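Residue-level listing of the chains:
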Amino acid sequence: MNRMVNIWNQYQCMVTFNLSRSASYYESGIGRGMGFRDSAQDLLGFVHMVPQRARQRLVDLAATQFPDGSAYHQYQPLTRRGNFDVGGGFNDDPLWLIFGAAAYVRETGDASILHQAVPFDNDERLSQPLMEHLRRSFHFTLDHLGPHGLPLIGRADWNDCLNLNCFSTTPGESFQTTANIESGVAESLFIAGMFIGVCADYQALCRLYGWEDEACQAAAQGEKMRQSVLAHGWDGEWFLRAYDAHGRKVGSRECEEGQIYIEPQGFLVMAGVGIKEGYAQRALDSVRDRLLTPHGVALLAPPYTRYHPELGEISSYPPGYKENGGIFCHNNPWIVLAEVMLGHGGRAFDIYCRTCPAYLSDPALHRTEPYVYSQMVAGPAAPRFGQAKNSWLTGTAAWTFYAISQGILGIRPDYDGLRVDPCLPAQLSEVTVTRRFRGSLYRIHIRNLAGDEKGRVGFGTGKAAEVPEAIRKGLEDAKKNLHKIALNGTTMRRMRAAPHSRVPGAAAHGAGVSLRPPSGPRPCKRAPPAAQGFQTRRAWQRGRPPAGSGQPVPRGMGLPHKSPRQTTGNRPSNEAQTASFKGRFA
């Protein structure tokens, strides 16, 4: 796990950010261009490495947006112009721009990007601040709602193969480019979950920009969408996937095939939908009962055995492959994050391990590289169940890194600081993280006192306590001249040229503590060359006293600063991955 998180996963995130899906053994080379949705998602695993490039990528994406808020589904990286052959009409695309912009601002604190002028459709005469682009993205969804108050799917949503308005009956024609019949009826529960999920970020960005009224309206629209999902999206034991162009349910127990899909169970629970009603827990239980396999979570079950014109490309694949019942690794992290949302550390880590190359039990069956994530693994209905394909260029890389670093390990950048909110499995009894954030370097040591479930905030002995006053006091003291914050089960050390000492603080497994870095970069004494890292070894096995033992930490007894052990083969360099072998992660 150390090696995957610190080296290979981040290296793959970098490669995927650079190439998107435009050049690989499996795709059509540069003719495809870079995906709007793909590139926005790739930011999740890259923004901490080179924020300046992430900023430019956001600007490039926004420049391919149409004035109505929709966007080209693909664009050419050299000309930065939209791909006319494919065009737009994928109704999830606009919301990914908000998703990516929020990730950038949370990581960097750089809200100036919201004011940067960006043209629509690469026409400088149509330039507007990026925030206006985000506003039109948000309202595009609101302007395209169906009969149930749910977002219209257009050509497709994240699942490019769920073509509910295509009705193709000509063999060989492209489902991506064939003329659609816009029914005004086909709705997507996935886009609904995504809309609810980005509402909080959109509100935060609006307030940073000074749009208080827009933020309040966004909150109201998010709640309205939530109620529409609860009223029309629950199928009894899981969430529906969609409504087709005839108004019939997709992903329902009423269906003969394709009764349950992974996407809405992940994204709706990630957005917090159905938690207090008990729907979220039942949906994730259904995922484990009906979709979970030894190699990961299948996209749907049971697979389609015949072609359905009303569903499109998804039913054209053989059962168990690609979107038709394959294990699509890209959206397995959504279930990981959904389990984290409910505080199930053991279940979240279990799913993480099933698709992680480092935990493969049979590499000969898997066949692709044992250190790189693949797009998909053949599902239970496939003749070669467990065999992977389409490695390297896949959104799996960024989403998995996001799920393990910000979900399970819980080190999350936020608008006002770095939030520590882990959800660990029982087998991770201790974790040490090094995190560079806005010019400061943090070392965070977490002792898991809660087992498989998310814990409570406590002080010293793990007793529950009121967080706000205690944390505020600890942070105020820390800002003076101290750099060590002792937390219940957690030790955070800000790397500064100051004496080691203790500061009363708060936070433990599941605490949700937020640490605000000082304004402007501060020099770090003997800072390691890597940006971030983590280790699962016990602290006293490295010669350090246990966290919370009361024993002083000798100077120079932090994480090892050695470079990665050199090995043969195509191992990425320390500079390329911004993380060292001994444990630096984002």
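Residues numbered from 1 in each chain as written. Predicted model: local features only at pLDDT ≥ 70, side-chain atom pairs only at ≥ 80, totals over all residues. Heavy atoms only, no water.

Chemist: Please clarify how the overall build of the chain should be interpreted in this entry.
Modeler: Within the chain, the regular secondary structure consists of 15 helices and 25 strands. The burial tally for the chain puts 61% of its 586 residues in the buried class. Taking all contacts inside the chain whose residues are at least 6 apart in sequence as the whole, residues at least 24 apart take part in 68%. Looking at the chain as shown, the accessible area adds up to about 21800 Å², and 51% of this sits on carbon and sulfur atoms. (Helix = DSSP H or I, 4+ residues; strand = E, 2+ residues; numbered from the N terminus. Buried < 20%, exposed > 50% of the residue type's maximum accessible area, 1.4 Å probe, protein only. Contact = heavy atoms within 4.5 Å. Areas by Shrake-Rupley, 256 points an atom, 1.4 Å probe, with all protein chains shown as cover.)

Chemist: I'm lost on the sheet that holds strand S15 (residues 388-391) in this one. Help?
Modeler: Through backbone hydrogen bonds, the strands of a sheet pair up, either in parallel or in antiparallel fashion. Strands sit in the order S13-S14-S15 across an open sheet of three strands; the sheet is antiparallel. Each edge of the open sheet carries a strand with a single partner, namely strand S13 (327-328) and S15. Relative to strand S14 (residues 374-377), S13 runs antiparallel, the two being bridged by two bridges. The residue bridging Ile-327 from the neighbouring strand is Val-377, located in S14. (Pairing = 2+ DSSP bridges.)

Chemist: Is there a simple way to think about the pairing of strand S17 (residues 417-420) in this case?
Modeler: The two faces of the sheet receive side chains in turn, since in a regular strand these alternate between them. Pairing of strand S16 (residues 411-414) with S17, which is carried by four bridges, proceeds in the antiparallel orientation. Bridge pairing in S17 places Asp-414 opposite Gly-417. Hairpin connection of S16 to S17: two residues between the antiparallel strands.

Chemist: Even after reading the chapter, I still don't get the pattern of salt bridges, so can you show me in this structure?
Modeler: Any two side chains of opposite charge can pair if their charged atoms end up close together. Summed over the entire model, instances satisfying the criterion amount to 24 salt bridges. One salt bridge connects Glu-263 with Arg-241, and the closest N-O pair in it is separated by 3.2 Å. Remark: Arg-241 occurs in the loop between helix H7 (212-232) and strand S7 (242-243) and Glu-263 occurs in helix H8 (residues 262-270); sequence separation between them is 22 residues. We note that Glu-263, like Arg-241, is buried. Glu-339 is the salt-bridge partner of Arg-347, the closest N and O atoms lying 3.0 Å from each other. For Glu-339, a relative accessible area of 0% gives the class buried. One continuous salt-bridge network, built from bridges that share partners, spans Arg-37, Asp-92, Asp-93 and Asp-160. (Salt bridge = Lys/Arg side-chain N within 4 Å of Asp/Glu carboxyl O.)

Chemist: So what exactly am I meant to see when it comes to the packing of helix H1 (residues 2-19) against helix H13 (residues 396-408) here?
Modeler: Relative orientation and spacing of two packed helices are given, respectively, by the angle between their axes and the distance between those axes. At a closest axis distance of 8 Å, the pairing of H1 and H13 adopts a crossing angle of 140°. Considering the angle they form, H1 stands oblique to H13. Pair H1 / H13 crosses with left-handed handedness. Of H13, the residues touching H1 (which contributes Val-5, Asn-9, Gln-10, Gln-12, Cys-13 and Thr-16) are Ala-397, Ala-398, Thr-400, Phe-401 and Ile-404. For the contact of H1 with H13, a count of residues per class yields six nonpolar, five polar and no charged. (Axes fitted to C-alpha atoms, helices over the stretch in contact; angles between N-to-C directions. Parallel < 35°, antiparallel > 145°, perpendicular 65-115°, else oblique. Left-handed = near helix turned anticlockwise from the far one by under 90°. Nonpolar A, V, L, I, M, F, W, Y, C, P; charged D, E, K, R; others polar.)

Chemist: Is there a simple way to think about the nonpolar core in this case?
Modeler: Looking at soluble globular proteins, one finds that nonpolar side chains tend to be buried together. If you look at the biggest cluster of nonpolar residues, it comprises 142 residues, and the most contacted ones within it are Trp-96, Leu-134, Val-229, Tyr-352, Trp-399 and Ile-408. When residues of this core are assigned to their parent elements, the largest contribution, 13 residues, is made by helix H6 (residues 189-209). Not counting the four nearest positions on each side in its chain, Leu-134 is found in contact with Leu-97, Ile-98, Ala-101, Leu-114, Tyr-202 and Leu-205. (Core = buried A, V, L, I, M, F, W, Y, C linked by side-chain atoms within 4.5 Å.)

Chemist: Can you help me understand the packing of aromatic side chains in this one?
Modeler: Centre-to-centre distance and the angle between the planes together describe a pair of aromatic rings. The final tally for this structure, using the stated rule, is 24 aromatic pairs. Where Phe-99 meets Trp-399, the ring centres are 5.6 Å apart and the plane angle is 40°; that geometry is what we call tilted. Taken together, the residues Phe-99 in helix H4 (residues 93-108) and Trp-399 in helix H13 connect sequence positions 300 residues apart. Note on accessibility: Phe-99 and Trp-399 belong to one class, buried. Consider the rings of Trp-234 and Phe-239, whose centres lie 5.0 Å apart with planes at 75°: the pair is edge-to-face. Note on accessibility: Trp-234 and Phe-239 belong to one class, buried. An aromatic cluster is built from Trp-96, Phe-99, Trp-158, Phe-190, Phe-267, Phe-328, Trp-334, Trp-399 and Tyr-402, whose rings are joined through pairwise contacts. Seen from the ring of Phe-17, Arg-57 lies directly overhead, with NZ or CZ sitting 4.0 Å from the centre. (Phe/Tyr/Trp six-rings, centres within 6.5 Å; stacked < 30°, edge-to-face > 60°. Lys NZ or Arg CZ within 6 Å of the ring centre and 35° of its normal.)

Chemist: Help me understand the environment of Pro-413 in this model?
Modeler: Note on placement: Pro-413 falls in strand S16. For Pro-413, a relative accessible area of 7% puts it in the buried group. It is 5.3 Å that separates the C-alpha atoms of Pro-413 and Glu-107, two residues lying 306 residues apart in sequence. The contacts of Pro-413, once residues within four sequence positions are left out, are Arg-106, Glu-107, Gln-406, Leu-418, Arg-435 and Phe-437.

Chemist: Explanation requested: the confidence of the model for the chain in the structure shown.
Modeler: Interpretation of this model should avoid reading the predicted coordinates in detail wherever pLDDT is low. Chain-level statistics for the chain give a pLDDT mean of 81 and a share of 76% at 70 or above. Every residue in residues 470-511 scores below 50 in pLDDT, and together they form 135 contacts with partners more than four places removed in sequence or on other chains. When the criterion is pLDDT under 50, residues 520-586 qualifies, and its contacts beyond four places in sequence or with other chains add up to 168 contacts. (pLDDT = per-residue confidence, 0-100.)

Chemist: Just checking my understanding: could you explain helix H5 (residues 130-142) for this structure?
Modeler: Because an α-helix completes one turn every 3.6 residues, residues spaced three or four positions apart along the sequence face the same direction. Here H5 is 13 residues long and its end C-alpha atoms lie 19 Å apart, about the 18 Å a rise of 1.5 Å per residue gives. Across the 13 residues of H5, ten count as buried, placing the element largely inside the fold. Of all the residues in H5, the buried ones are Leu-130, Met-131, Glu-132, His-133, Leu-134, Ser-137, Phe-138, Phe-140, Thr-141 and Leu-142. In this fold, the buried residues of H5 make contact with helix H3 (51-63), H4, strand S4 (117-120), strand S5 (123-129), H6 and H7. (Expected span 1.5 Å × (residues − 1).)

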